[in-house]
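A structural walkthrough
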Amino acid sequence: QVQVVESGGGLVQPGGSLRLSCAASGFTFSSALMRWYRQAPGKERNLVADITSTSSRTNYIDSVKGRFTISRDNAKNTVYLQMNSLKPEDTAVYYCNALPPNSRSGYWGQGTQVTVSS
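Residues numbered from 1 in each chain as written. Predicted model: local features only at pLDDT ≥ 70, side-chain atom pairs only at ≥ 80, totals over all residues. Heavy atoms only, no water.

Concerning the sheet that holds strand 1 (residues 3-7)
Across the sheet, four strands lie side by side as 1-3-8-7; this open sheet has antiparallel pairing. Both outer strands of the open sheet, strand 1 and strand 7 (68-73), are each paired with one neighbouring strand and no more. Across the sheet, the axes of successive neighbouring strands diverge by a mean angle of 15°, strand direction being ignored. By the bridge criterion, six bridges tie strand 7 to strand 8 (residues 78-83) in an arrangement that is antiparallel. Bridge pairing in strand 8 links Ser 71 to Tyr 80. (Pairing = 2+ DSSP bridges. Helix = DSSP H or I, 4+ residues; strand = E, 2+ residues; numbered from the N terminus. Axes fitted to C-alpha atoms, helices over the stretch in contact; angles between N-to-C directions.)

See the structure below:
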């Protein structure tokens, strides 16, 4: 049974930091492209960052470059999103997506809420 579980969200003041975690099981994690998405109220779900199976490449949307860092630990079947210098516009539900080889849409977690507000 596939499980993808995000954690680490919460309320933080502007300029603060959070680290999101995504623990996965039920598939070969070390072969999967891992992605973080976010969805703000009333908006579409958008890709924030992704990381290849061996961590050889990472990609970020422009608005988070230099502030967010995606990483993974294949021994722990976990991917992380370190978020620094948070802004109110980063407020959203953050979702983890696991995309194994030959999978079209992959597996989604339930999401974790991040709220940046003073």
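Structure shown, so let's carry the discussion forward.
Details of the state of the cysteines
In total, this model carries one disulfide according to the counting rule given. A disulfide bridge connects Cys 22 with Cys 96, and the sulfur atoms are separated by 2.1 Å. Of note, the bridge from Cys 22 to Cys 96 carries an S-S torsion of about -80° and is left-handed in sense. Residue Cys 22 is found in strand 3 (residues 18-25), and its partner Cys 96 is found in strand 9 (residues 92-99); the two are separated by 74 residues along the sequence. This pair shows no difference in class: Cys 22 is buried, exactly as Cys 96 is. (Disulfide = S-S within 2.5 Å. Buried < 20%, exposed > 50% of the residue type's maximum accessible area, 1.4 Å probe, protein only.)

Thoughts on the pattern of salt bridges
Overall, the coordinates contain three salt bridges when judged by the stated rule. Here Arg 38 makes a salt bridge to Asp 90, at a shortest N to O gap of 3.0 Å. Of this pair, Arg 38 sits in strand 4 (residues 33-39) while Asp 90 sits in the loop between strand 8 and strand 9, placing them 52 residues apart in sequence. Given a relative accessible area of 13%, Arg 38 falls into the buried group. Where salt bridges share partners, they join Arg 38, Arg 67 and Asp 90 into one cluster. (Salt bridge = Lys/Arg side-chain N within 4 Å of Asp/Glu carboxyl O.)

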